[in-house]
Amino acid sequence: MKLEALGITKSFGQGNLRRNVLDDLTLNVDFPHVLALLGPSGGGKSTLLRVIAGLERPDDGLILLNGTPVPFTDKSEATLRDYRRSLGVVFQAFNLFPHLTALQNISLPLTAVHGLTEDAAKERALGVMDRLGLADHREKLPGQLSGGQRQRVAIARALAVKPRFLLFDEPTSALDPEMTSEVLTLIAELRKEGTPMLLVTHEMGFARKIADQVAFLGEGRVLEQEPAGEFFSNPRSLEAQRFLAKVLAY
Amino acid sequence: MNLSRLFLESRVEKTSAWLKGLWVMLILLLAGILTTGVMGGSAGVSQGGWASVWKYRDVFWQGWLLTILISLLSLAASSLIGLGAALARRSRILPLRSTALLYVEVVRGTPLLAQILFLFYVVANGVGLQDRIVAGVLILSLFSGAYLAEMIRAGIEAIPSTQLESARAIGFTELQTYRYVIAPQALRQILPPLAGQFASLIKDSSLLSIIGIGEFTLAAQQVNSATYRTLESYLPLAVGYLALTLPISLISKMLERHLCYET
C-alpha cells in the first residue's frame, strides 16, 4: 500500500494552550504489509493514525492512499463515514460494546453498516471467530472475557468487514505481558494474509520483527522514515537514536 | 431469630428480603388497624366505621382507576417529553439547547402545586382548555418530563467516549449510534432512577385533586366528608398508592438483574 501525507496539520486546544500535534507533517511510504508508526509520547503517532482512520479531520493537508485522497475536504460527514466503513480500526481499550455478546459485537457492523442479512453476517462472524481461535467465546459478553480475548474479538470485528487495511492504535498497551504476546501472535499471523496494516505501538521488538517500514514521529513531524531493519540497527536522526537508546536500555 | 434474619440478610438478598419485610409490616399494620377499627366502630354506629365507608367502595374504585389512567397517560407523554428535552439539551442548535435548559430549570425550580395552579387556572383557562383530565395529564407530564430529561441526559453522558469513537470507526450514523450503542447502555444506567421517577409520578398525581380531578385522593376526601371516618377513608388511600408503586420497584429490580453486565 502506498501512503502519502502532504502537509498534515492538526492542532488541539484553545488560545494560548493551542498547540500543533501534527505540524506540516509529510510522509511518502510504500509498504507491502506493515507500516509501524513509532516515536515518543506526544509525538503525534496516534493523532496521525486517527487522521488516516478518518476519525479526525486535519486542519490542513491531504492524505492519499494508493493515490486516492481521503475525503476531508467534503464537509459532509457521510462521505467520510463511507470512507471509515472501508477500514478496520483496533483501539488500545478494545472498545467493544459491553451489552452485546462477542458474536453480536462482530456481526452488528455487518448487518447495520455493510448490508448483510442476519444469517450471512452470523456465518461470516463465526468464520472469523473460528479462524482467530474465539469459537468457545461466541456467546460471552466482553466482561466475561480476558483482556487478550477482548482484543482478539475487537480484531475479529475489524477484520470481519473485509477492510482495505487495518489500523492498530497501541493494541497491547492495556494488556499484561502474557496477553500481549497472545495478541501480537495474532497480528503477526494476519500479516501473512495480505491486508495491509498500520501499527502504532510501544513494543519495539515486535515492530522490528513485523514491520516493513518505520515512520519515526516527533514534535508532530516525520523525523525519519526507513525500512524497519535499518531503522533499528542504524537510526539516522539524533532523536531516533536517543529514543531507541532509551526504550531499548532495559 | 426470624425477625433478626429479616434485617440482617436484607443487604445480601437485596430484593426479596426487604420487600418481604415491607409486605409483612404492611399486612400487620393493616390487620391491626382493621381489627381495632371494626371493633371500636361496631360499638357505636350500627354498621361500624368500615361498613359505612364500604358503601362508597365505588367512589374509591373509580378514583383509583382514574389515578391509574392519568399515571399511564402521563408516563407515556412525559417519557416522550423527557427524551425530546434530553436530546434537545445535547443538540448542536443553540436555541434548542437553551429552550430545553430553560424548561428544565423552570420546572425543577418551582413546586408542582404552584405549577398545577398556574398552568390550570392561568394557561389552560387562557387557551380555553376545559377538560380537567387532559389538562392534568399535560401538567403532570411537563413536570415529570423535566426530571426525566435530566436523568436521560445523565445516562447518555455517562457512556464512555471510547464507545462513541468505536461507533464512529465502525461507520454507524448518528441514529444508529443512538440505537445500537447509546440507548441500550443508557437505559441500563438510568433504570433505577427511572423507576423511582415513575413511582413519583403516580404519587404526584394526587396533587391534581386540587383542581377538582376526581382521582384517588379526591375520592378519599369525598368519602371522608360523607362519612366523617378519617382512618377508614385515608388508610385505603395509602394502601392503594402502595399497591401501584411497590410493583414498579419490584419490576425495576428484576429488569436490572436481567440487563446486568460488566463493563
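Procedures and definitions
Residues numbered from 1 in each chain as written. Chains lettered and ligands numbered in written order. Predicted model: local features only at pLDDT ≥ 70, side-chain atom pairs only at ≥ 80, totals over all residues. Heavy atoms only, no water. Helix = DSSP H or I, 4+ residues; strand = E, 2+ residues; numbered from the N terminus. Buried < 20%, exposed > 50% of the residue type's maximum accessible area, 1.4 Å probe, protein only. Areas by Shrake-Rupley, 256 points an atom, 1.4 Å probe, with all protein chains shown as cover. Domains from an automatic or database assignment. Contact = heavy atoms within 4.5 Å. Buried area = accessible area lost by both parts, 1.4 Å probe. Salt bridge = Lys/Arg side-chain N within 4 Å of Asp/Glu carboxyl O. Polar contact = N/O pair within 3.5 Å; in protein donor to acceptor, adjacent residues only side chain to side chain. Phe/Tyr/Trp six-rings, centres within 6.5 Å; stacked < 30°, edge-to-face > 60°. Lys NZ or Arg CZ within 6 Å of the ring centre and 35° of its normal. Axes fitted to C-alpha atoms, helices over the stretch in contact; angles between N-to-C directions. Parallel < 35°, antiparallel > 145°, perpendicular 65-115°, else oblique. Left-handed = near helix turned anticlockwise from the far one by under 90°. Nonpolar A, V, L, I, M, F, W, Y, C, P; charged D, E, K, R; others polar. Core = buried A, V, L, I, M, F, W, Y, C linked by side-chain atoms within 4.5 Å.

Visitor: I'd like a description of the overall build of chain B, backed by residues and values.
Guide: A count of helical and extended segments in chain B gives 12 helices and 0 strands. Taken over 263 residues, chain B has a buried fraction of 40%. For chain B, the exposed surface amounts to about 14500 Å²; the carbon and sulfur share of it is 69%.

Visitor: Outline the domain arrangement of chain A, listing residues and values.
Guide: Residue and element names in this part refer to chain A. The domains assigned to chain A are domain 1 (2-87 + 165-247) and domain 2 (97-162). Using C-alpha coordinates to define each centre, domain 1 is positioned 25 Å away from domain 2. The partner domain 2 presents 14 residues to the 13 residues of domain 1 that form the contact. Carbon and sulfur atoms supply 69% of the area buried between domain 1 and domain 2, which totals about 1100 Å² over both sides. Its largest share of buried area at the contact with domain 2, domain 1 owes to Arg85, Glu182 and Leu186, together 39% of the area lost on that side. Applying the counting rule to domain 1 against domain 2 returns 2 salt bridges. A salt bridge links Glu182 to Arg152; its shortest N-O distance comes to 2.4 Å. In this structure, the connection of domain 1 to domain 2 is made through 4 residue pairs in polar contact (both at pLDDT 80 or more).

Visitor: Let's hear about the packing of aromatic side chains: which residues, and what values?
Guide: Scanning the model with the defined rule gives 10 aromatic pairs over all chains in all. Seen from their ring centres, Trp61 of chain B and Trp64 of chain B are 5.8 Å apart, and the 25° between their planes marks the pair as stacked. Residue Trp61 of chain B and its partner Trp64 of chain B are located together in helix α5 (residues 57-89), separated by 3 residues, close to a single helical turn. What links up through ring pairs into an aromatic cluster is the set Phe216, Phe231, Phe232 and Phe243 of chain A. In this arrangement the basic side chain of Arg157 of chain A is found over the ring face of Phe97 of chain A, its NZ or CZ atom lying 5.1 Å from the centre.

Visitor: Go over the packing of α5 of chain B against helix α8 (residues 132-157) of chain B, please, and point to the residues and values.
Guide: All names here are of chain B. Running from N to C, α5 and α8 point in directions that differ by 45°, and their axes come no closer than 5 Å. As far as their axial angle goes, α8 and α5 are oblique. In the crossing of α5 with α8, the sense of the turn from one axis to the other is right-handed. When the residues that make up the contact of α5 with α8 are grouped by side-chain class, the tally is 17 nonpolar, 7 polar and 3 charged.

Visitor: Could you give an account of the packing of helix α3 (residues 102-112) of chain A against helix α5 (residues 147-160) of chain A, naming the residues involved and the relevant values?
Guide: Residue and element names in this part refer to chain A. One can describe the packing of α3 onto α5 by two numbers: an axis separation of 9 Å at closest approach and a directional angle of 20°. Between α3 and α5, the angle falls in the class roughly parallel. α3 and α5 meet at a crossing whose hand is right-handed. Contacts from Ala102, Asn105, Ile106, Pro109 and Leu110 in α3 reach Val153, Ala156, Arg157 and Ala160 in α5. Looking at the contact of α3 with α5 residue by residue, the classes come out as 7 nonpolar, 1 polar and 1 charged.

Visitor: Explain helix α9 (residues 161-170) of chain B residue by residue, including any values.
Guide: For α9 of chain B, every residue scored as buried is listed here: Gln163, Glu165, Ser166, Ala167, Ala169 and Ile170 of chain B. Residues of α9 of chain B that are buried in the fold lie against α1 (45-52), α2 (77-85), β6 (88-90), α3 and α5 of chain A together with α10 (174-204) of chain B. Within two residues after α9 of chain B, Gly171 of chain B carries a phi angle of roughly 100°, on the positive side.

Visitor: Would you mind going over the interface of chain A and chain B in detail, with residue names and values included?
Guide: Opposite the 21 residues of chain A that make contact, chain B presents 19 residues. Contact with chain B buries area across many residues of chain A, yet Phe97, Pro98 and His99 of chain A alone supply 28% of it, more than any other trio. For the interface between chain A and chain B, the tally reads 2 salt bridges. Linking Glu77 of chain A and Arg168 of chain B is a salt bridge whose minimum nitrogen-to-oxygen distance equals 3.8 Å. Where chain A touches chain B, the interface holds 11 residue pairs in polar contact (both at pLDDT 80 or more). Counting residues per element, the ones that place at least two in the side of chain A that touches chain B are α2 and α3 of chain A. Ranked by residue count, the leading element in the side of chain A that touches chain B is α2 of chain A, at 4 residues. Of the residues in the side of chain A that touches chain B, the class split is 11 nonpolar, 4 polar and 6 charged.

Visitor: I'd like a rundown of the pattern of salt bridges, residues and numbers included.
Guide: It is possible for side chains bearing opposite charge to pair when their charged atoms get close. Residue and element names in this part refer to chain B. Summed over all chains, the structure comprises 19 salt bridges over all chains. Between Arg89 and Glu150 there is a salt bridge, and its shortest N-O distance comes to 2.8 Å. With Arg89 in helix α5 and Glu150 in helix α8, this residue pair connects regions lying 61 residues apart in the sequence. Judged by its relative accessible area of 19%, Arg89 falls in the buried class. The exposure class of Glu150 is buried, given its relative accessible area of 15%.

Visitor: Before we move on, could you go through the nonpolar core and cite the residues and values that matter?
Guide: The biggest cluster of nonpolar side chains holds 50 residues, and the ones touching the most others in it are Leu38, Ile155, Phe168 and Ile187 of chain A. No other element matches the 7 residues that α5 of chain A contributes to this core. If we ignore the near neighbours within four places in the chain, the residues touching Ile187 of chain A are Ile155, Phe168, Pro171, Met197, Phe206 and Ile210 of chain A. Core analysis: the second largest hydrophobic core is formed by 43 residues, Ala85, Val137, Leu208 and Phe216 of chain B among them.

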